[in-house]
Amino acid sequence: MQGDFDAMRMSHLFGRTLREAPGDAELPSHKLMLRAAMVRPLGAGIYSLLPLGWSVVRKVEQIIREEINAIGGQELLMPVVHPADIWKESGRYQQVGPEMTRFVDRGERDMVLAMTHEEVVTDLARQEINSYRQLPMLVYHIQTKWRDEPRSRGGLIRVREFTMKDSYSLDLDEAGLDVQYRNHWRAYERIFRRCGLAFVVVGADTGMMGGSASHEFMALSDYGEDIVLICPNGDYAANQEVAVFQRDAPTAEELLPLEDVATPNTPTIQALADFLNVPLTRTAKAVFFVGDSGRFVFAVIRGDLDVNETKLRKAAGERGLTPATAEQIQAIGAEAGYGSPVGVHDALIVVDESIRDSPNLVAGANKPGYHLKNVNLGRDYQADVIADIASVTAGLPCAECAAPLTAARAIEVGNIFKLGTRYSQLLGATYLDAAGESHPVVMGSYGIGSGRVTATVVEQHHDERGIAWPISIAPYHASLVSIYTADDDAPAQAADRLYSALIDAGVETLYDDRPERAGVKFNDADLIGCPIRVSVSARTLAKGEAEIKLRTERESRFVPLEDAAAIVRDIADGLFAPLDGDPPAA
RNA sequence: CGGGGUGUGGCGCAGUCGGUAGCGCGCGGCGUUUGGGACGCUGAGGUCGGAGGUUCGAGUCCUCUCACCCCGACCA
C-alpha cells in the first residue's frame, strides 16, 4: 500500500509536520498547510505539493472532472508553452502586460508561457470544427498556468504558478452559449458544494478576457482580496468592481446663478461640507487620473460617493489609470483639493450619473481656498462621458429591492465568461451553417483554480488545532492512531490488523504507526485534519475496543475492535451524504 | 513599480558599546518514560542571504545587491 493514495503508513510518509509555521506565513491556510506537510515553497508564489496536499488537490480535481463530464465536457490537454503567434493573432500579445512571460527559443521564435488557453482552444477549433453539425462542443483540461503577478500574496491563495480547470464551450449561437453557461453555473455550484465550500455567485468584470457576461463564484473569507456586495433579500450580488445600486431620484430645482465663495483650508470634500454646512450630497467631487493613452481623465462625482476605478477606466476607454500629479492637474487648469470641471481644458470629463441628476452643487473654483456654488452640468461645463462610475459600498440601496447592501470580503474560486466571438473571429474559427454560410464559433470560457479551492476550504474549515477537511477532499477518510510502548506492542499489532480491515472496508486510511507518544500523534492527526480518528491503545485493547472520534466533535465513542472498520465505513458514508452536490434541503 | 519589514543550524528566535556565534524545538546515540507535542546524559549541524568597503578585528558600521513577507498600485 505504500505510495498508494488509498492508505499510507505515516512512518513512510514523505514530509514532516512542523510544530511552528515559518514566520513568513500569515494566512491560516498557508500556515496550516505548511505545518501539516501538504505544501512547501520553492520561490515566491511557487509551491510543491507534498503527498498529503497532492492527495487533497487530486480529489478536488476529480470532483471537478466528474461534474464537468456530467455536462458533456471532454477532457483533453493543451500545452503550457505556446508560440507567440497565436497570442499575436488574438491581440493579447500586445495587450497583456508583463504578467505574461515571454521568451525566445533557440530558433529565435517568440514564445510565451500560458496564462490561459483561449488562443490554443480557438486554434484547435478552427482546425477541427467546420460544420454546424459538429456543434455544440465542450472541452476542458486541468493544466498549469503561469502568471507573473506583480505581487503574489496571501500564501496559497494567490500564486504565480497554479493549476486551473478551464473549460471552453463552442456553440453555433448565443442561445447555445446561454445553455452551456447555465450548465457551468450549475456544475460549479455542485463542485463547490461537494468540496464543502460556502460561496456566493456574483456578477463580475469581464477584465482582460473580453466578452459580454461574467460571473464569479466567491467563497466568503476575511482574507479575500475581492469585495462583494450582497442584498440581504437575495435579490442581488455583485463584485464591487461592477456593482450598481439604486440611485436617488433626480432632484428638480431651479438653476441658481454661479457664485464664488471663499472656503479656506477645505481641500477635502468633508472639510468643505462642514465649512459651508451643506450635506455631502450637495457637493461635487473631482478626481484626477492620467490614462495609459496619456490623456487626462477628469472624473466628477457627487461628494457622498466614491469613484470606482474599474468603472471609470471603462467609461474613459482607458486600459489603465494612474492618479494625476499636482503638476498634471495644474496643467489642465485645475487645482488639487479645489478642482472642478468648470473652465478646465485638455481633459476628458467623465461625469457620474449622480451629478447629472443633482443641480446647484458646490464644486471647486480651481484656485486654492475657493469653491463655486450652484455649479450645473450642461450650463457651466460639458461632460464628454456621463456614466455610472460610482463605487458601491455597504449600506447603499440594492438596485432591485432598495434594501441596504452588505459588503463582505471573498476569494474568487471560479468564474464563468461569455466570450462570444472575440477569439473565433480574430483567429478564424468558423463553421458553415445549413445554408453554407460561414459564421464564427460562439465561445465561453470557465475556470476553477484547484489549488485555490483547496486553500480556501482550509480557510473555511480549520480551528486552533489544525485543518478539519470535509471528507470529500480529505487526504484520507480516517487517521488510525496506535498508542503503544516498546514493552507492549500488542496495541500496534491490533492496529495493524485494524488497518487491514479498514482498507478492506474501503476506508482510505492514514495509519500513524510511528513509535511516538500519544500526544504527538493526536496533535498531528488534528493538524492534518482527516475527519475520522480511530485509536487503538493498551487501554482500549483491554476492553477489546477501538476509540472513534470525529475531527469536528469533542466527544469520542468506543466500539468493539472487530466492528470498528465497518462502523468507520458507515460514519464515512454518513459524512459524505451532505456533500453530494445537491442544494441543501430548505 | 512606490512604501514598510525581515534575512543568524531543518523550524522559531536572541545576539548589548564592533572583540572569535547562542537558546528553544527538531535531528542521531544511550537510558528512563508512555492517552494530548516527556525527561536525563551525549552528539551532529551555521562561510550569520551575497559582494565590496571601514577597522588590528564586522553577525553588529557603510555602500551595493539578492531573496522573502506585508500595505498600495496591478491582476481571468
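Residues numbered from 1 in each chain as written. Chains lettered and ligands numbered in written order. Predicted model: local features only at pLDDT ≥ 70, side-chain atom pairs only at ≥ 80, totals over all residues. Heavy atoms only, no water.

S.K.: How should the overall build of chain A be read in this particular structure?
M.R.: When helices and strands are counted, chain A shows 16 helices and 34 strands. C-alpha extents for chain A along the principal axes are approximately 95 × 65 × 50 Å. A burial count over chain A gives 52% of its 586 residues as buried. Residue pairs in contact within chain A that sit at least 24 positions apart in sequence constitute 69% of those at least 6 positions apart. For chain A, the distance from the average position of its 58 positive side-chain charges to the average position of its 83 negative side-chain charges is 3 Å. (Helix = DSSP H or I, 4+ residues; strand = E, 2+ residues; numbered from the N terminus. Buried < 20%, exposed > 50% of the residue type's maximum accessible area, 1.4 Å probe, protein only. Contact = heavy atoms within 4.5 Å. Lys, Arg positive; Asp, Glu negative; His and termini not counted. Charge placed at Lys NZ, Arg CZ, Asp CG, Glu CD.)

S.K.: Even after reading the chapter, I still don't get the pattern of salt bridges, so can you show me in this structure?
M.R.: Side-chain pairing between opposite charges can occur once the charged atoms of the two side chains come close. In total, this model carries 38 salt bridges according to the counting rule given. In this structure, the salt-bridge partner of glutamate 89 is arginine 126, at a minimum N-O distance of 2.9 Å. With a gap of 37 residues between them, glutamate 89 in helix α3 (residues 84-90) and arginine 126 in helix α5 (residues 118-128) connect regions that are remote in the sequence. Two residues, aspartate 178 and lysine 418, come together in a salt bridge whose shortest N-O distance is 2.6 Å. Note that aspartate 178 is positioned in helix α6 (residues 174-194) and lysine 418 in strand β24 (residues 406-420), a separation of 240 residues in sequence. (Salt bridge = Lys/Arg side-chain N within 4 Å of Asp/Glu carboxyl O.)

S.K.: Would you take a moment to explain the protein's contact with RNA strand B for this structure?
M.R.: Arg147, Arg151, Arg158, Met164 and Ser537 are the nearest of the 45 residues found near RNA strand B. Considering RNA strand B, the proportion of its atoms within 4 Å of the protein that are sugar or phosphate atoms stands at 48%. Side-chain polar atom of asparagine 415 to a base nitrogen of RNA strand B: 2.3 Å apart, as the coordinates give it. For RNA strand B, a base oxygen lies 2.6 Å from a polar atom in the side chain of arginine 517. Only β9 (161-171), β24, α14 (518-528), β32 (532-537) and α15 (538-542) provide two or more residues apiece to the surface near RNA strand B. The element that contributes the greatest number of residues to the surface near RNA strand B is α14, accounting for seven residues. Tallied by class, the residues present in the surface near RNA strand B amount to 15 nonpolar, 11 polar and 19 charged. (Near = heavy atom within 4 Å. Polar contact = N/O pair within 3.5 Å; in protein donor to acceptor, adjacent residues only side chain to side chain. Nonpolar A, V, L, I, M, F, W, Y, C, P; charged D, E, K, R; others polar.)

S.K.: How should I be thinking about helix α1 (residues 28-35) in this particular structure?
M.R.: One turn of an α-helix holds 3.6 residues; hence residues three or four places apart share an orientation. Within α1, seven of the eight residues are buried, leaving the element largely enclosed by the surrounding structure. Of all the residues in α1, the buried ones are Pro28, Ser29, His30, Leu32, Met33, Leu34 and Arg35. Among the structural elements, β2 (39-43), β3 (46-49), α12 (450-460), β28 (462-463), β29 (466-467) and α14 are those in contact with the buried residues of α1. A positive phi of about 65 degrees marks alanine 37, the residue just after α1.

S.K.: What should I look at first to understand unusual backbone geometry in this one?
M.R.: Where the residue is not glycine, phi is negative for most of them; where a peptide bond is considered, it is trans in most cases. At the junction of leucine 135 and proline 136, the peptide bond is cis and its omega measures out at 5 degrees in the coordinates. Counting through the fold element by element, proline 136 comes out in the loop between α5 and β8 (137-146). The backbone of alanine 37 sits at a positive phi, close to 65 degrees, despite the residue not being glycine. In this structure, alanine 37 sits in the loop between α1 and β2.

S.K.: Any chance you could explain the side chain of histidine 371 here in plain terms?
M.R.: For histidine 371, the position within the fold is in strand β21 (residues 370-375). If we ignore the near neighbours within four places in the chain, the residues touching histidine 371 are Glu259, Asp260, Val261, Thr263, Thr266, Leu272, Gly337, Tyr338, Val362, Ala363, Gly364 and Ala365.

S.K.: Explain the sheet that holds β21 here, please?
M.R.: The strands making up a sheet associate through hydrogen bonds between their backbones, and the pairing can be parallel or antiparallel. As summarised here, the arrangement of the three strands in space is β14-β21-β20, forming an open sheet in which the pairing is antiparallel. Looking at which strands have only one partner, the edges of the open sheet turn out to be β14 (259-262) and β20 (361-364). Shown here is a sheet whose adjacent strand axes are inclined to one another by a mean of 35 degrees, direction ignored. Taken together, the three bridges between β20 and β21 define a ladder with antiparallel strand orientation. The partner of glycine 364 across the bridge, within β21, is histidine 371. (Pairing = 2+ DSSP bridges. Axes fitted to C-alpha atoms, helices over the stretch in contact; angles between N-to-C directions.)

S.K.: I would appreciate a short explanation of α12 in the present structure.
M.R.: The buried fraction of α12 amounts to eight of the 11 residues, a majority that puts the element mostly inside the structure. Within α12, the full set of buried residues consists of Ser450, Val453, Thr454, Ala455, Thr456, Val457, Val458 and Glu459.

S.K.: What exactly am I supposed to notice about the domain arrangement of chain A here?
M.R.: Size of an interface, as often reported, equals the accessible area lost when the parts are brought together. According to the domain assignment, chain A consists of domain 1 (7-243 + 408-459), domain 2 (259-391) and domain 3 (476-579). Taking only C-alpha atoms, the centre of domain 1 and the centre of domain 2 are 38 Å apart. With six residues of domain 1 at the contact, the number on the domain 2 side is seven residues. Of the roughly 500 Å² buried between domain 1 and domain 2, counting both surfaces, carbon and sulfur atoms make up 31%. Run the count over domain 1 and domain 2 and you get three residue pairs in polar contact (both at pLDDT 80 or more). Taken together, the residues of the side of domain 1 that touches domain 2 break down into two nonpolar, two polar and two charged. (Domains from an automatic or database assignment. Buried area = accessible area lost by both parts, 1.4 Å probe.)

S.K.: Sorry, what's going on with the sheet that holds strand β31 (residues 509-512) here?
M.R.: The six strands lie next to each other as β1-β31-β30-β32-β33-β34, forming an open sheet whose pairing is mixed. The open sheet is flanked by β1 (7-9) and β34 (556-560), the only strands paired with a single partner. Put simply, the sheet's adjacent strands are angled 20 degrees from each other on average, direction ignored. One ladder, built from five bridges, connects strand β33 (residues 545-550) with β34; its direction is antiparallel. Paired with lysine 549 across the bridge in β34 is serine 556. Running over the sheet, helix α13 (residues 490-504) touches β1, β30 (478-483), β31, β32 and β33 and is turned about 165 degrees from β30.

S.K.: Even after reading the chapter, I still don't get the packing of helix α2 (residues 51-70) against α12, so can you show me in this structure?
M.R.: How two helices pack is summed up by the angle between their axes together with the distance between the axes. Here α2 crosses α12 at 115 degrees, and the two axes come no closer than 9 Å. In this view, α2 runs roughly perpendicular relative to α12, as classed from their interaxial angle. Handedness of the crossing formed by α2 with α12: right-handed. Only Ser450, Val453 and Thr454 of α12 make contact with α2, whose side of the interface consists of Val56, Val57, Val60 and Glu61. The residue makeup of the contact of α2 with α12, split by class, is four nonpolar, two polar and one charged. (Parallel < 35°, antiparallel > 145°, perpendicular 65-115°, else oblique. Left-handed = near helix turned anticlockwise from the far one by under 90°.)

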